[in-house]
Amino acid sequence: MRSVNSLFFLLLILCMPLQAQDLPVFSNTEHKARFQTLIEELRCLVCQNQSLADSDAELAQDLRAQVLTMLEQGHSDQEILEFMVARYGDFVLYRPPVKSTTAFLWFGPFILAGVAIIAMFIFLFKRNKKQITPEISDAQRKRATALLDGSE
Amino acid sequence: MLRYILPLSLFIALIIFLGIGLTRDPRLVPSPLIGKPVPEFALPRLQSADMEFNVNDLKGQVSLLNVWASWCASCRIEHPLLVEVARENILPIYGLNYKDTREDALAWLERFGNPYTASAFDEHGRVAIDLGVYGAPETYIIDRNGIIAYKHIGPISNKDWETKLQPLILSLQEQDS
C-alpha cells in the first residue's frame with residue numbers, strides 16, 4: 001500500500017506545470033490576467049516561435065518586465081501592444097493587423113480553399129457526365145440474365 | 001494534357017516559393033524605426049559614469065551606432081572591421097554597451113581595441129528596447145539629422161561593409177555636404 005502511495009505522489013509531482021519564469025508580484029488580479037494575455041500575444045524575437053510567456057531568453061525577460069511596468073503605470077493593453085510594434089514591428093504580434101502587406105496571410109488560406117472546392121466540383125461534374133449507360137443488345141441481355149440465373 | 005500540366009505547374013510554383021523562402025533569413029526582422037529619428041535617450045558614458053551620452057551626440061554628422069557587449073561572441077567577429085573603420089576615420093562610431101558590466105566592457109575594449117568615439121552604458125537594456133534591439137550585435141547608420149537610415153542585424157562582414165554600409169554612408173555624406 002505504501003509503495004502505491006509513493007508512486008501516486010511521484011506521478012503527482014511529475015504532473016506539476018513547469019513555467020519558464022517566476023510570476024512577478026501583481027498589485028491586483030486584473031493586472032495578473034491582463035499580463036498573462038499580453039505576454040501570450042507577443043512574440044519573443046530571439047526565439048521567434050515562442051511567445052514572451054514561453055521564452056526564457058534575456059530579451060523576453062526584459063520585455064515581460066517592460067509589459068509589467070507599463071501595466072502598473074496604468075497603460076491600456078492597446079498602448080502596450082503599440083509600444084512593442086513601434087519598436088519591433090508587426091512581427092512582434094502573434095495576430096498581425098489586417099493591411100495590404102498581410103492580406104495574403106489572412107485571406108490566402110480562404111482563397112486557396114475556395115479554389116480547391118471549385119476545382120473539386122468541376123472534377124466531379126465532369127466525371128458524372130462521363131458515366132454513360134452501357135449499350136447492349138437484347139440477345140446480350142438475355143445471355144447475361146441466363147448467366148446470372150446459373151442456367152447456362 | 002491539361003490534367004498533367006496543371007498539377008506540374010502548381011508543383012513548380014510551390015517549389016519556387018519554397019526556394020525563395022530558403023534564401024531569406026527569418027531572424028532578420030525589418031525594423032519599423034528606419035526613416036524615423038533616433039528615440040530620445042540619455043545614458044551615462046561607459047568610460048566616465050558622470051558624463052552623459054544622449055541623442056544630440058548623434059546629430060551633426062553621419063554616424064554609426066553599434067550595439068555591443070563583452071558577453072556577445074559575434075561582436076568579436078565584427079570588431080576588427082570596426083577598429084579598421086575607426087582608424088580610417090570614415091565616420092564617428094558610437095557604441096551602445098548592452099546589458100554589460102563596466103568592468104567587463106572596459107576590459108574587453110582594452111583587449112580588442114576601442115573603435116568607439118564614445119560608448120553609452122545601457123546596463124539594463126532599456127534604451128535598447130526603444131531602439132528595437134533583439135540581439136547584439138546590431139548596427140545603425142544615422143544621418144546628420146539623427147534619422148535612422150539603416151539597421152544591420154548580426155555581425156558586419158567585410159562583404160556587408162563593402163556592398164551595403166559603406167556605399168550608404170558615402171551617399172549620405174555627399175548629400176550632407
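Residues numbered from 1 in each chain as written. Chains lettered and ligands numbered in written order. Predicted model: local features only at pLDDT ≥ 70, side-chain atom pairs only at ≥ 80, totals over all residues.

Chemist: Hey, could you run me through the overall build of chain B in this one?
Modeler: Helices and strands together make up the secondary structure of chain B, namely five helices and seven strands. Overall, chain B shows an N-to-C arrangement of helices and strands of α-β-β-β-α-β-α-β-α-β-β-α. Whereas a compact globule of 177 residues would reach a radius of gyration of roughly 16 Å, chain B reaches 20 Å, over 25% beyond that. When the backbone C-alpha atoms are referred to their principal axes, chain B occupies close to 80 × 40 × 30 Å. With 177 residues in all, chain B has 35% of them scored as buried. Intrachain contacts of chain B at a sequence separation of at least 6 include 75% that bridge at least 24 residues. (Helix = DSSP H or I, 4+ residues; strand = E, 2+ residues; numbered from the N terminus. Rg over C-alpha atoms; globule rule 2.2 N^0.38 Å. Buried ≥ 20, exposed ≤ 12 C-beta atoms within 10 Å, placed from the backbone. Contact = placed C-beta atoms within 7 Å.)

Chemist: Sorry, what's going on with the overall build of chain A here?
Modeler: Across its full length, chain A carries six helices and zero strands. The helix and strand sequence of chain A, counted from the amino end, reads α-α-α-α-α-α. Taken over C-alpha atoms, the radius of gyration comes to 32 Å for chain A, far larger than the 15 Å a tight globule of 152 residues would show. Principal axes of the C-alpha set define a box for chain A whose edges measure 95 × 65 × 25 Å. Counting across all 152 residues of chain A, residues that qualify as buried make up 13%.

Chemist: How should I be thinking about the domain arrangement of chain A in this particular structure?
Modeler: How large an interface is tends to be reported as the accessible area lost when its parts come together. For chain A, the assigned domains read domain 1 (16-97) and domain 2 (101-149). Distance between the C-alpha centres of domain 1 of chain A and domain 2 of chain A: 52 Å. (Domains from an automatic or database assignment.)

Chemist: Is there a simple way to explain the sheet that holds strand β5 (residues 118-122) of chain B in this structure?
Modeler: Residues and elements named next belong to chain B. Pairing is mixed in the open sheet, where five strands are placed in the order β5-β4-β3-β6-β7. A strand with exactly one partner marks an edge of an open sheet, and here the two such strands are β5 and β7 (148-153). Pairs of neighbouring strands in the sheet enclose a mean axial angle of 20 degrees, with direction left out of account. Relative to strand β6 (residues 138-142), strand β3 (residues 63-68) is paired through five bridges, and the arrangement is antiparallel. For Leu64, the partnering residue across the bridge sits in β6 and is Ile141. (Pairing = 2+ DSSP bridges. Axes fitted to C-alpha atoms, helices over the stretch in contact; angles between N-to-C directions.)

Chemist: Looking at this model, I keep getting lost on helix α4 (residues 77-88) of chain A. Mind explaining?
Modeler: Note that an α-helix has 3.6 residues per turn; residues three or four places apart therefore point the same way. Here α4 of chain A is 12 residues long and its end C-alpha atoms lie 17 Å apart, about the 16 Å a rise of 1.5 Å per residue gives. Against α2 (29-41) and α3 (58-72) of chain A together with α4 (126-130) of chain B lie the buried residues of α4 of chain A. One or two positions beyond α4 of chain A, positive phi appears at Gly89 of chain A, with a value near 85 degrees. (Expected span 1.5 Å × (residues − 1).)

Chemist: Sorry if this is basic, but what is going on with helix α6 (residues 138-149) of chain A here?
Modeler: Residues and elements named next belong to chain A. If you check α6, its first and last C-alpha atoms are 16 Å apart, about what 12 residues at 1.5 Å a residue would give, namely 16 Å. With zero of its 12 residues buried, α6 lies for the most part at the surface. Two residues or fewer after α6 comes Gly150, characterised by a positive phi angle close to 80 degrees.

Chemist: Can you walk me through the interface of chain A and chain B in this structure?
Modeler: The interface is formed by 13 residues belonging to chain A together with 12 residues belonging to chain B. When residues of the side of chain A that touches chain B are traced back to their parent elements, those giving at least two are α3 and α4 of chain A. Counting residues per element, the side of chain A that touches chain B draws most heavily on α3 of chain A, which supplies five residues. In terms of residue class, the side of chain A that touches chain B is made up of seven nonpolar, three polar and three charged. (Nonpolar A, V, L, I, M, F, W, Y, C, P; charged D, E, K, R; others polar.)

Chemist: Quick question: what am I supposed to make of the confidence of the model for chain B here?
Modeler: Residues shown with low pLDDT carry predicted positions that ought not to be read at fine detail. Overall, the predicted model of chain B reaches an average pLDDT of 92, with 99% of residues at or above 70. Listed scores for the predicted complex are pTM 0.76 and ipTM 0.82. (pLDDT = per-residue confidence, 0-100.)

Chemist: For this particular structure, what's the right way to read the pairing of β7 of chain B?
Modeler: It is a general feature of regular strands that their side chains alternate between the two faces of the sheet. Residue and element names in this part refer to chain B. Strand direction decides the pairing type here: β6 and β7, joined by five bridges, are antiparallel. Each bridged residue has a counterpart across the sheet, and for Ile142 the counterpart in β7 is Ile148. Connecting the antiparallel pair β6 and β7 is a turn made up of five residues, with Gly146 showing a positive phi of about 80 degrees.

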